[in-house]
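# Working through the structure, step by step
Here is how the chains run, residue by residue.
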Amino acid sequence: MRIIKRKKDIEAFVERNKEMGLKIGFAPTMGALHAGHISLYAAARKENDLVISSIFVNPTQFNNPEDLEKYPRDVESDLQLLREAGFVDAVYLPEIADLYPEGLVTKNYDFGGLENEMEGKFRPGHFNGVGTVVEELFRQIKPDNAYFGDKDYQQLAIVKKLAAQVNPQISIHGVGIHREENGLAMSSRNQRLTADQRAAAKLIFETLNKVNDWFRIITVPEINRRVKAIFEAEKDMQLEYFEIADEETLQQTDFFYKDRSYRAFLVVFVGDVRLIDNLHLD
């Protein structure tokens, strides 16, 4: 597995492999890797000749400076995990200047309103930060296929919209949520949970499954009331938001239409750790 640290080196590496006609798969990460990330590279390995990872904690997609400061970083452990998994051929470890040569300035994107829903309401500017860094990584790595996890479903939808606008040659693939044994969605932020918090956080997925049971049986307002009540009863958890949204537009719905697909989205603070999850409603 090759480690590449400079922009000019990753571009030269990609160019050489493109000249040989190799198909490139790519999945960007912010490090603190876990089995969920590895599932992205397992999917990429099946469909590409060359698989590239990147590790970069992107400052512009953090609204809370404290959250950025506390974000777990352990590049050596990340590299060891990638080596052991055996799916990745090269890892790009850029510096800020490699991706933001003009300083930490983000572009402004029009994602057709997707950016204004859910996370966009609570994290203003977040998706401009995501779009800016992903567009630049795509420009440097020129993948044929790129892989993102369904856990960040709204981000996946944003990246698909971004690629359609500025990188239409890239196919964007969603990969299913990887979960811990108790159902908690795997996340780099889970590292910050205590053992008791990690055990308690199983309530998030349990609640989403209850929502799936209630789906089309009771009204959306009643589902919203029940979910709110579940977390109001938990003194160590705080519900930031729960929404049932159209999977295509991501707009919140108050009524189920038979010809539409829906997904439940849940964001909860466990202590000071913000955890997100979602579930397609059958």
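This structure is a prediction, so every number in the text was calculated from the model and none was measured.

## Digging into the side chain of Gln-61
Positionally, Gln-61 belongs in the loop between strand 3 (50–55) and helix 3 (65–70). On the accessibility criterion, Gln-61 (9% relative accessible area) is buried. When residues no more than four places from it in sequence are discounted, the contact partners of Gln-61 are Met-30, Arg-123, His-126, Gly-129, Val-130, Val-133 and Gln-155.

## A short note on the pattern of salt bridges
Evaluation of the coordinates by the stated rule reveals 24 salt bridges. Arg-198 is the salt-bridge partner of Glu-180, the closest N and O atoms lying 2.6 Å from each other. Placement of the pair is Glu-180 in the loop between strand 6 (171–175) and helix 9 (195–200) and Arg-198 in helix 9, with a sequence separation of 18 residues. Arg-263 serves as the salt-bridge partner of Glu-247, at 2.8 Å between the closest nitrogen and oxygen. With Glu-247 in the loop between strand 7 (237–246) and strand 8 (262–270) and Arg-263 in strand 8, this residue pair connects regions lying 16 residues apart in the sequence.

## A few points about the environment of Val-159
Looking at where Val-159 falls in the secondary structure, it is placed in helix 8 (residues 153–166). For the pair Val-159 and Glu-135, spaced 24 residues apart in the sequence, the C-alpha separation amounts to 8.9 Å. Those residues in contact with Val-159 that sit more than four places away from it in its chain are Val-134, Phe-138, Phe-148 and Ile-172.

## So, unusual backbone geometry
One non-glycine residue, Lys-142, lies in the positive phi region at around 50°. Mapped onto the elements of the fold, Lys-142 is located in the loop between helix 7 (126–141) and strand 5 (145–149). Looking at Lys-142, the relative accessible area reads 37%, which means it is partly exposed. Notably, Arg-216 is not glycine yet its phi reads approximately 70°, a positive angle. Looking at where Arg-216 falls in the secondary structure, it is placed in the loop between helix 10 (202–214) and helix 11 (220–232).

## A look at empty space enclosed by the protein
By the definition in use, this model includes 2 cavities of 30 Å³ or more. The calculated volume of the second largest cavity comes to roughly 30 Å³. Around the second largest cavity, the lining residues are Leu-184, Ala-185, Ile-204, Leu-275, Ile-276 and Asp-277. Sorting elements by how many residues they give to the lining of the second largest cavity places strand 9 (residues 273–280) first, with 3 residues. Grouping the constituent residues of the lining of the second largest cavity by class yields 5 nonpolar, no polar and 1 charged.

Cut-offs used in this document
Residues numbered from 1 in each chain as written. Predicted model: local features only at pLDDT ≥ 70, side-chain atom pairs only at ≥ 80, totals over all residues. Heavy atoms only, no water. Helix = DSSP H or I, 4+ residues; strand = E, 2+ residues; numbered from the N terminus. Buried < 20%, exposed > 50% of the residue type's maximum accessible area, 1.4 Å probe, protein only. Contact = heavy atoms within 4.5 Å. Salt bridge = Lys/Arg side-chain N within 4 Å of Asp/Glu carboxyl O. 1 Å grid on protein atoms, 1.4 Å probe; cavity = no way out; pocket = protein on both sides within 12 Å on 5 of 7 lines; lining within 4 Å. Points joined across faces, edges and corners; volume = space filled by probe spheres on them. Nonpolar A, V, L, I, M, F, W, Y, C, P; charged D, E, K, R; others polar.

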